[in-house]
Amino acid sequence: MASTADFKNGLCLVMNNDIFTIVEFQHVKPGKGAAFVRTKLKGLTTGKTLDKTFNAGEKVETARVEKRPHQFLYKDDLGYHFMDTNTFEQISIEEKLIERSNLLKDGQLVDILVHDETETPLSVELPPFVELMITYTEPGIKGDTATNALKPATVETGATVMVPLFVEQDIMIKVDTRDGSYSERVK
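Residues numbered from 1 in each chain as written. Predicted model: local features only at pLDDT ≥ 70, side-chain atom pairs only at ≥ 80, totals over all residues. Heavy atoms only, no water.

## Structural notes on the overall build of the protein chain
The helix and strand tally for the protein chain stands at 0 helices and 16 strands. C-alpha extents for the protein chain along the principal axes are approximately 60 × 50 × 25 Å. Buried positions account for 36% of the 187 residues belonging to the protein chain. The contacts in the protein chain between residues at least 6 apart in sequence include a share of 45% that link residues at least 24 apart. Charged side chains of the protein chain number 22 positive and 29 negative; the gap between the two group centres comes to 9 Å. (Helix = DSSP H or I, 4+ residues; strand = E, 2+ residues; numbered from the N terminus. Buried < 20%, exposed > 50% of the residue type's maximum accessible area, 1.4 Å probe, protein only. Contact = heavy atoms within 4.5 Å. Lys, Arg positive; Asp, Glu negative; His and termini not counted. Charge placed at Lys NZ, Arg CZ, Asp CG, Glu CD.)

Written out as structure tokens, the structure reads:
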């Protein structure tokens, strides 16, 4: 059990027979009335987000989850296959548990959140940035750089990323996995 004073981003809670993680929270103390904590929670089994308000000092049940390092191997009809980098055990995970699965490439290291008591995988966390090769993009037009113009580019995983006009084909770029946006060229 934990109180609202223990809230931090990433804390996992058990509510309504489901496991939720705190995406963001804000402690509010209005001029009149009791303090409370506004939270945005994401369901780890469903992926849905919800807003919930807790009274200050309220007790909530925490879930014991563990981050385990895995390596992405391949994708087939059964799902995405990963190997535990410590035990070399292979597991298959369905696509709905992976956010931005189109940015996963073979050999990619990820963290899988596993529920300690049931040993079931809850979600797959990609690193904050991944380096991908651009396989196709239209050539940029000279002199059209006055505005912050973007063009679509297809990367090696098949995902489409909006990149600046100066980025060309066969160049490695860094992509932010939180929103799927272009970050920078890799030197």
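## Some words on the domain arrangement of the protein chain
The domains assigned to the protein chain are domain 1 (2–60), domain 2 (65–125) and domain 3 (129–185). Computed from C-alpha atoms alone, the centre-to-centre distance between domain 1 and domain 3 is 37 Å. (Domains from an automatic or database assignment.)

## A closer look at the environment of Lys 42
Note that Lys 42 resides in strand E4 (residues 36–43). Linking Lys 42 and Glu 94, residues 52 residues apart in sequence, is a C-alpha distance of 18 Å. Non-local contacts of Lys 42, meaning those with residues more than four positions away in its chain, are made with Ile 19, Phe 20, Thr 21, Val 23, Gly 47, Lys 48, Thr 49 and Glu 99.

## As for unusual backbone geometry
Although it is not a glycine, Phe 88 sits at a positive phi angle of roughly 60 degrees. Turning to its location among the elements, Phe 88 is positioned in the loop between strand E8 (79–84) and strand E9 (90–93). By relative accessible area, Phe 88 is classed as exposed at 60%. In this structure, Asp 170 takes a positive phi of about 65 degrees despite not being glycine. When you line up the elements, Asp 170 lands in the loop between strand E14 (160–164) and strand E15 (172–176).

## Focus: the sheet that holds strand E11 (residues 121–125)
Strand order in the open sheet formed by 5 strands is E9-E8-E7-E10-E11, and the pairing between neighbours is antiparallel. Strands at the two margins of the open sheet, each flanked by one partner only, are E9 and E11. The average angle at which neighbouring strand axes cross in this sheet is 40 degrees, direction not considered. One ladder, built from 4 bridges, connects strand E10 (residues 109–115) with E11; its direction is antiparallel. The residue bridging Ile 112 from the neighbouring strand is Val 124, located in E11. (Pairing = 2+ DSSP bridges. Axes fitted to C-alpha atoms, helices over the stretch in contact; angles between N-to-C directions.)

## Observations concerning the sheet that holds strand E16 (residues 181–185)
Spatially, E14-E13-E12-E15-E16 is the arrangement adopted by the 5 strands of the open sheet, whose pairing is antiparallel. Single-partner strands in this sheet number two, and they are E14 and E16. Strand-to-strand twist across the sheet, computed as the mean angle between neighbouring axes with direction ignored, equals 55 degrees. Pairing analysis gives 3 bridges linking strand E12 (residues 129–137) to strand E13 (residues 150–155), with the strands arranged antiparallel. For Tyr 136, the partnering residue across the bridge sits in E13 and is Thr 154.

## Considering the UniProt feature "domain: Translation elongation factor P/YeiP central" (unreviewed entry) in the protein chain
Under the present numbering, the feature "domain: Translation elongation factor P/YeiP central" (unreviewed entry) in UniProt falls on residues 67–122. Counted over residues 67–122, helix gives 0% and strand 52%. Its end C-alpha atoms are 10 Å apart. (UniProt positions renumbered as here; feature names shortened; annotations may be inferred.)

## Describing the pattern of salt bridges
A complete count under the given rule lists 9 salt bridges for this structure. Of the charged contacts, one joins Glu 125 and Lys 67 as a salt bridge, the two residues approaching to 3.1 Å between their closest N and O atoms. In this pair, Glu 125 sits in strand E11 while Lys 67 sits in strand E7 (residues 65–76), placing the two residues 58 residues apart along the sequence. On the accessibility criterion, Glu 125 (29% relative accessible area) is partly exposed. Across the pair Asp 176 and Arg 178 runs a salt bridge, and its minimum N-O distance is 3.0 Å. Arg 178 gets classed as exposed once you look at its relative accessible area, which sits at 53%. Through salt bridges with shared partners, a single network forms among Glu 66, Arg 68 and Glu 119. (Salt bridge = Lys/Arg side-chain N within 4 Å of Asp/Glu carboxyl O.)

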